[in-house]
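So the chains spell out like this:
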Amino acid sequence: MTRVLALGLIGTIAASIGVVPARAADGIVLAGSGLFLPNRLDLEQGSTLTLVNVDAAEHNITSTRTGRDGEPRFSSDTLGPGEIGTVDGVSKLKPGAYAFFCTLHEYQRGLLLIAG
């Protein structure tokens, strides 16, 4: 029930600020005061992810896992209040579980699940 309410809230907020996923499989995550909403996202392989900052502070998303090059598997730019940005690298992920966090607020964490 909580997950359904959270997803409904995300949809309502995203629509009210004009953010609509390009396709149904794409995802949106809101960065708020110390949390990501939702903090667990289920996406299909090849999907994209949009970050929306609904807080007064800056936020970003960065994968906790790195690739062979030592860089995060996915990340976004740091967004100011009210800004919207793409999380780069998500569409290239293979199926699996990927933890992420905000580098500015390391306690702010989430989980991205990619299905094949």
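Residues numbered from 1 in each chain as written. Predicted model: local features only at pLDDT ≥ 70, side-chain atom pairs only at ≥ 80, totals over all residues. Heavy atoms only, no water.

Trainee: Describe the overall build of the chain, with residues and values.
Mentor: A count of helical and extended segments in the chain gives one helix and eight strands. The order of helices and strands in the chain, counted from the N terminus, is α-β-β-β-β-β-β-β-β. Taken over 116 residues, the chain has a buried fraction of 39%. Considering only residue pairs separated by 6 or more positions, the chain has 51% of its internal contacts joining residues 24 or more positions apart. With the model as given, the accessible surface of the chain reaches about 6,400 Å², and the carbon-plus-sulfur share is 54%. (Helix = DSSP H or I, 4+ residues; strand = E, 2+ residues; numbered from the N terminus. Buried < 20%, exposed > 50% of the residue type's maximum accessible area, 1.4 Å probe, protein only. Contact = heavy atoms within 4.5 Å. Areas by Shrake-Rupley, 256 points an atom, 1.4 Å probe, with all protein chains shown as cover.)

Trainee: Would you mind going over the pairing of strand E8 (residues 105-115) in detail, with residue names and values included?
Mentor: The pairing of strand E3 (residues 40-44) with E8 spans five bridges and is parallel. Bridge assignment links Leu43 to a residue of E8, and that residue is Ile114. Pairing of strand E7 (residues 96-102) with E8 involves seven bridges; the strand directions are antiparallel. By the bridge assignment, Ala97 is partnered in E8 with Leu113. Counted along the chain from E7 to the antiparallel partner E8, the turn is two residues long. (Pairing = 2+ DSSP bridges.)

Trainee: Could you give an account of unusual backbone geometry, naming the residues involved and the relevant values?
Mentor: Residue Pro38 follows Leu37 across a cis peptide bond; omega there is -5°. With respect to the secondary-structure elements, Pro38 resides in the loop between strand E2 (35-37) and E3.

Trainee: Which residues make up a positive patch on the surface, and what values do they have?
Mentor: Residues Arg65, Arg68, Arg73 and Lys94 make up a contiguous surface patch of positive charge. Tracing the backbone shows Arg73 in the loop between strand E5 (62-63) and strand E6 (84-86). For Arg73, a relative accessible area of 36% translates into the label partly exposed. (Patch = residues over 30% accessible without salt bridge, like charges linked within 9 Å, V, L, I, M, F, W, Y side chains within 5 Å. Salt bridge = Lys/Arg side-chain N within 4 Å of Asp/Glu carboxyl O. Lys, Arg positive; Asp, Glu negative; His and termini not counted. Charge placed at Lys NZ, Arg CZ, Asp CG, Glu CD.)

Trainee: Describe the sheet that holds E2, naming the residues involved and giving the relevant values.
Mentor: Spatial strand order, E2-E1-E4-E6: four strands in an open sheet with mixed pairing. At either margin of the open sheet sits one strand with a lone partner, and together these are E2 and E6. Here the average twist between neighbouring strands, direction ignored, is 25°. (Axes fitted to C-alpha atoms, helices over the stretch in contact; angles between N-to-C directions.)

Trainee: Quick one: what's the story with the packing of aromatic side chains, residue by residue and with numbers?
Mentor: Considering all chains together, one arrives at three aromatic pairs under this definition. Aromatic pair Phe36 and Phe100: ring centres 5.1 Å apart, planes at 65°, arrangement edge-to-face. On the criterion of sequence distance, the pair formed by Phe36 in strand E2 and Phe100 in strand E7 is long-range, its members being 64 residues apart. We note that Phe36, like Phe100, is buried. (Phe/Tyr/Trp six-rings, centres within 6.5 Å; stacked < 30°, edge-to-face > 60°.)

Trainee: Lay out the environment of Glu58 in plain terms, naming residues and giving numbers.
Mentor: Tracing the sequence through the fold places Glu58 in the loop between strand E4 (49-53) and E5. You can call Glu58 partly exposed: its relative accessible area is 46%. Spatially, the C-alpha atom of Glu58 lies 5.4 Å from that of Leu79, the residues being 21 residues apart in sequence. What Glu58 contacts, discounting residues up to four positions off in sequence, is Asn53, Thr78, Leu79, Gly80, Leu104 and His105.

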